Amino acid sequence: MHWIDWSILVGFTAWIVYDGLKRTRDSGELEGYFLANRTIPWWAAGLSVMATQLSAITMIGTTGQGYNDGMRFIQFYYALPIAMIILSVTLVPFFYRSGVYTAYEYLERRFDPKTRSLTSLLFLLSRGMSVGAVVSAPAVVLSLVLGWDLTATALLITMPAVVYTMFGGVQAVTWTDVKIMTLIVIGLVAMVAAAVFGLPAGIGLGDGLGIAAATGRLRSFEFSWDLTNQYTFWSGTIAALFLFCSYFGTDQSQVQRYLTARSEGEAKRSLLMSAYWKIPLQVLVLLLGVMVFVFYVFNTPPLLFSSAQEKKLKEGPAASQYATLETEFASALTARRSAGEAFAAARDSGDVSRLAAARADFVERNNSVSAVRTRALSLVRDTTGDRAFTDVNYIIPTFILTHLPIGLIGMLIVAIVMAATDTIAGELNSLSTATVIDFYKRWITPVGSDAHYLAVSKAATGVWGLLACGVAVWAAELGSLIEVVNRFGSFFYGSILGVFILAVGFPRATGTGAFVGLLAGMGSVGWVASMTKIAFLWHNVVGAVGVVFVGLAVSLLERAVRGARGGSSAWR
Amino acid sequence: MDRPGATSPRTPPSHDPEAAGIARAYRRVVIIWLIVLAGLWWLQQAFI
């Protein structure tokens, strides 16, 4: 990178840390440290909710998905606005009025300590491991693309978050989220504009979208009832509704963001901000990938976007095979570019039959390019033994580094790094809160001064931060393990939502019912995941429904047993 | 006619400016959601 890009990266990171540390004076007691004394305006809490969810994986992985698959992934978010309304009406008032620090604390008030501790423990396990994944994915990509040391990259991403979260608490997390979210949106718009302005003369935005549509990249609706298909309209509106209700309503990393709002109404408004903006933002993310695809129709892309893998192939025993593929790729690209120009000319002519023929020709030429790329990816998989290899995460970083001007490169690299940093900060803050409030204060030291709990909270943030660094640094070795743990984490979401549905929707549900239901829900998800090929989004429905049915059945049984013994039939 | 004590002691939602504002926000969310979905449907169809 040029020294100007380095200056932007170092300067912005230093400013974020300095600004976060300034918040230390507002975090002198536990409520200030964890809930900002409930003084955050709704728009800042709303931006923080969005920033915590938008990680570097979105910036490099989802945009790459847009390049390969187009807009299909947008269906995943269709239920989000409705989930936000449901949560605003149901869970938010319960959380806000009960004055809790964590979502799980509410479960003890409604049910019992064991249900609270189990759900909080599940959160700590799944979120604790995901912090490592949030760091490792961009760290691996940036270290390879920019030629940086992996450890140094992981530390660059993690350490600013650890420092400002540890000392500044939720105040620092929220206000840095606001700045970083602004930077990310500006960066995304700049990249889309760069891709559109990079098209040759005579090829307009309409032609570009026509080319994208011809290859199916503008498809946003797939009305298939195939339960094994991850992204359909139905999985996005029904199954994802359960996921979003669980993520935004029961995951402490999100709940804590809106508990900092000034009032219950402002907490609701902060959630509704995502309801308004999340789908348009995600459209922008995917559209960036689509427009970069169109850009590379008229500009020469590399055969493999991972330059490190390309170098290994060129220097290894498969060098001659790769050279042959490169020759085929160059001629396929030339033919595709000509077909793209002919397609644009046919659109301008208004001749329907000519346009249909040009479209068919372009699709055929594009398939030839894709076929050569598929063979190149297979060659990497065969030579490295990495059967899951894909270069999807390298597409946007390659576009940034090879086609954008100095200065913009620095701004976009810092946007990717900071997208990871702010997600980690939110997660560290919530992990520390759950550790201290749900375990340390609940079970180990119930009575203590605010200063004591504050010191323990800062130490907990530091320890979780070190763990995140450790997992990220050893990411290469732990790669498959992290994936397993993350998949394991996805078992919990629907089941935890089921417990909260029992809590607020069924006044007669008991603590034992909720606890046994939670175990049964996770078991049923585990069974469905291992015995069927049903897409993971539907696991959330299975978990939630399983918990509610089993939880209610056990609650009824408990009432019957109590009645038979002549004991109290009072329901908790 | 309401019986004594039949009404809630709380301010009815329609007279609570914040609750009324939130209710309007819910309606706006649904309307914008439908407009965004329609826009995506148009994007899918318009360039075929």
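Notes on the structure follow. None of the values given here were measured: they were computed from a predicted structure.

Some words on the side chain of Asp251 of chain A
Residue and element names in this part refer to chain A.
Item 1. Note that Asp251 resides in the loop between α11 (233-250) and α12 (252-259).
Item 2. Residue Asp251 is classed as buried on the basis of its relative accessible area, which comes to 4%.
Item 3. Of note is the side chain of Asp251, whose polar atom sits 2.7 Å from the side chain of Ser253.

Topic: the packing of helix α4 (residues 56-69) of chain A against helix α17 (residues 395-403) of chain A
Residue and element names in this part refer to chain A.
Item 1. Put simply, α4 and α17 touch, their axes get as near as 7 Å, and they point 95° apart. On the basis of the axis angle, α4 is roughly perpendicular to α17. Along the contact surface, α4 presents Met59, Ile60, Thr63, Gly64, Tyr67 and Asn68, while α17 presents Ile395, Ile396 and Pro397.
Item 2. Its residues placed into classes, the contact of α4 with α17 shows six nonpolar, three polar and no charged.

Side note on the interface of chain B and chain A
Item 1. If you look at the interface, chain B gives 19 residues, while chain A gives 31 residues.
Item 2. Around 2200 Å² of area is buried between chain B and chain A when both sides are counted, 74% of it from carbon and sulfur atoms.
Item 3. By the criterion of area lost to chain A, the three top residues of chain B are Tyr26, Trp33 and Phe47 of chain B, representing 30% of everything that side buries.
Item 4. Taken together, chain B and chain A are joined by six residue pairs in polar contact (both at pLDDT 80 or more).

As for helix α22 (residues 511-531) of chain A
Residue and element names in this part refer to chain A.
Item 1. For α22, which comprises 21 residues, the first-to-last C-alpha distance of 30 Å matches the rise-based estimate of 30 Å (1.5 Å per residue) to within 8%.
Item 2. Of all the positions in α22, only Gly511, Gly513, Ala514, Gly517, Leu518, Gly521, Met522, Val525 and Val528 are classed as buried. Buried residues along α22 cover an arc of 160° about the axis, so they all sit on one side. Structural note: α22 exposes Trp527, Ser530 and Met531 on the side pointing more than 90 degrees away from its buried face.
Item 3. Against the buried residues of α22 lie α8 (113-146), α21 (492-505) and α23 (536-565).

What counts, and at which threshold
- Residues numbered from 1 in each chain as written.
- Chains lettered and ligands numbered in written order.
- Predicted model: local features only at pLDDT ≥ 70, side-chain atom pairs only at ≥ 80, totals over all residues.
- Heavy atoms only, no water.
- Helix = DSSP H or I, 4+ residues; strand = E, 2+ residues; numbered from the N terminus.
- Buried < 20%, exposed > 50% of the residue type's maximum accessible area, 1.4 Å probe, protein only.
- Polar contact = N/O pair within 3.5 Å; in protein donor to acceptor, adjacent residues only side chain to side chain.
- Axes fitted to C-alpha atoms, helices over the stretch in contact; angles between N-to-C directions.
- Parallel < 35°, antiparallel > 145°, perpendicular 65-115°, else oblique.
- Contact = heavy atoms within 4.5 Å.
- Nonpolar A, V, L, I, M, F, W, Y, C, P; charged D, E, K, R; others polar.
- Buried area = accessible area lost by both parts, 1.4 Å probe.
- Expected span 1.5 Å × (residues − 1).
- Arc of directions from axis to C-beta.

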